[in-house]
Amino acid sequence: MTNSERAARRLIDLAGDAAPPSSRTLLFETVAARFTALAGEEAGHLFWVPGRLEMFGKHTDYAGGRTLVAAVPRGFVVAASRRSDGRVLVADAGRDMSVTFDAAGEAEPGGPAAPSPSGWRNYAATVVRRLRRNFPGPHPGATIVFASDLPRASGMSSSSALMVGVAAALVRVGGLDRRPEWAAAIRSPLDAASYYACVENGMDFRSLAGDTGVGTHGGSEDHAAILTARAGHLSAFAFVPLRLLEEVALPPGWRFVLTPSGVAADKTGGAQGPYNRLAAGAAELLAQWNRETPSRARSLASALASSAEAVDRFRALAAGAQSSGWPSGSLAGRLEHFLREDARVGLAIAALRDGDAAALGRLSADSQEDAEGLLGNQIPETVALARNARTLGAFAASSFGAGFGGSLWALVEADRAPAFAARWHPQAFVALPGPSLTEL
């Protein structure tokens, strides 16, 4: 058995994955062959980095709310080894593309006139730049090769998974987690998830100063699932600060079926503006509250929980808002969406624990309806696919991800899942919640 076959088999054993071993082995072999061609030797480190399934919690995390998420049993294989020249070479084995950063962290060819990296190269550049800034001094450099079976820009967090994979490889190869700067700021896997989210959105994390990030104003939901998910389970998190609330097993007779909608939702492309506006709406609600309240709240969720009258006060503020750029009623809709979607997390946990398919069906239908009517982040394809899932026999279904494209999940009985997937969408696949980031 080859190293690729052993790694693929271990991952399948960890995940309880419905995907055939041959397809997963091919992913490992693609990375191994490309790495050997570039470095002349086998990689010293091999990582599995999953995508993310969001069951409930649409656009709640950055506002301090709750989400219910899991790792997808598809993702990135990342191979890495140390190099002595300080350069970082990152290569996409699946598309035969690469980018190299010099010892100063600049993309080669360097110089102020060089164009900035774009697409996935921008994600890699953001990670390299931030780690060099937060952990100053000589860096050994690394060769990093990846490939993925995760649909790109699909709402399954392919961009966050790639950034986490590159960051984890650089931390491991460079020993950054043994540095005093790391020890002072990052004390747990959830801290690491929060830090990697700040690498992406550009915010400070404790003593580790921020920068521009990739331009999105998201939270740490994706990163929490990628780094800490438990196979076969969904995890409920609360945010600002990030904390695990509880884990709940998927009932054994149920399966998720996941599908991309077919419309890419690239957060660094045309969807970035609408995505960031939803985050800005939550921030504006909090800003209005803090202007009216002596004790400043850290998040929308903490402000709403501050007193028995807080929800009514927020509704009054939102209804009378005259903020520039926010038409009458828009902030009130944003508030109502947050209140309803945040509350669904606890109800969904109870339904999963009880195996209550009907309750999950109602919750998912309401979540989808609110995404369409209050968030306004749905497109005809996601609306139609969610409705079609129920017509075909799913007992629960909803879109997930940032919106404006992305993916959908459906829940069906295990013995019906393959046939359902084949009828629902050509790219649909059966999935159990998978394991978190794992060094294989």
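Small disclaimer: the values here were computed from a predicted structure and weren't measured.

**A look at the nonpolar core**
Membership of the largest hydrophobic core comes to 83 residues, with the highest contact counts inside it found for Leu-68 and Leu-360. Here this core gets 10 residues from one element, more than from any other, and that element is helix H4 (residues 158–174). Once residues lying within four places of it in the same chain are set aside, the contact partners of Leu-68 are Leu-53, Glu-54, Met-55, Phe-56, Leu-234, Ser-235, Ala-236, Val-248, Val-345, Ala-348, Ile-349 and Leu-352. Counting residues in hydrophobic clusters, the runner-up holds 23 residues, among them Leu-278, Ala-279, Trp-289 and Ala-318.

**Topic: the packing of aromatic side chains**
Inspection of every chain in the model, using the stated rule, returns 13 aromatic pairs. Ring geometry for Trp-182 and Tyr-195: centres 6.3 Å apart, planes at 80°, overall edge-to-face. Remark: Tyr-195 occurs in helix H6 (residues 189–201) and Trp-182 occurs in helix H5 (residues 180–185); sequence separation between them is 13 residues. What makes Trp-182 buried here is its relative accessible area of 9%. Ring plane angle 5° and centroid distance 4.6 Å describe the contact between Trp-289 and Phe-314, whose orientation is recorded as stacked. Taken together, the residues Trp-289 in helix H8 (residues 272–292) and Phe-314 in helix H10 (residues 310–319) connect sequence positions 25 residues apart. By way of ring pairs, the aromatic residues Phe-135, Trp-182, Tyr-195, Tyr-196 and Phe-205 are connected into one cluster. The cationic tip of Arg-74 hangs over the ring face of Phe-429; the distance from NZ or CZ to the ring centre is 3.7 Å.

**A closer look at helix H1 (residues 3–15)**
With 13 residues, H1 extends 18 Å from end C-alpha to end C-alpha; this agrees with the ideal 18 Å at 1.5 Å per step. Of the positions making up H1, those classed as buried are Ser-4, Ala-7, Ala-8, Leu-11, Ile-12 and Ala-15. In a view along the axis of H1, the buried residues occupy a sector of 135°, so they form one face of it.

Parameters and conventions
Residues numbered from 1 in each chain as written. Predicted model: local features only at pLDDT ≥ 70, side-chain atom pairs only at ≥ 80, totals over all residues. Heavy atoms only, no water. Core = buried A, V, L, I, M, F, W, Y, C linked by side-chain atoms within 4.5 Å. Buried < 20%, exposed > 50% of the residue type's maximum accessible area, 1.4 Å probe, protein only. Helix = DSSP H or I, 4+ residues; strand = E, 2+ residues; numbered from the N terminus. Contact = heavy atoms within 4.5 Å. Phe/Tyr/Trp six-rings, centres within 6.5 Å; stacked < 30°, edge-to-face > 60°. Lys NZ or Arg CZ within 6 Å of the ring centre and 35° of its normal. Expected span 1.5 Å × (residues − 1). Arc of directions from axis to C-beta.

Bear in mind that shape data such as this cannot, by itself, settle questions of function.
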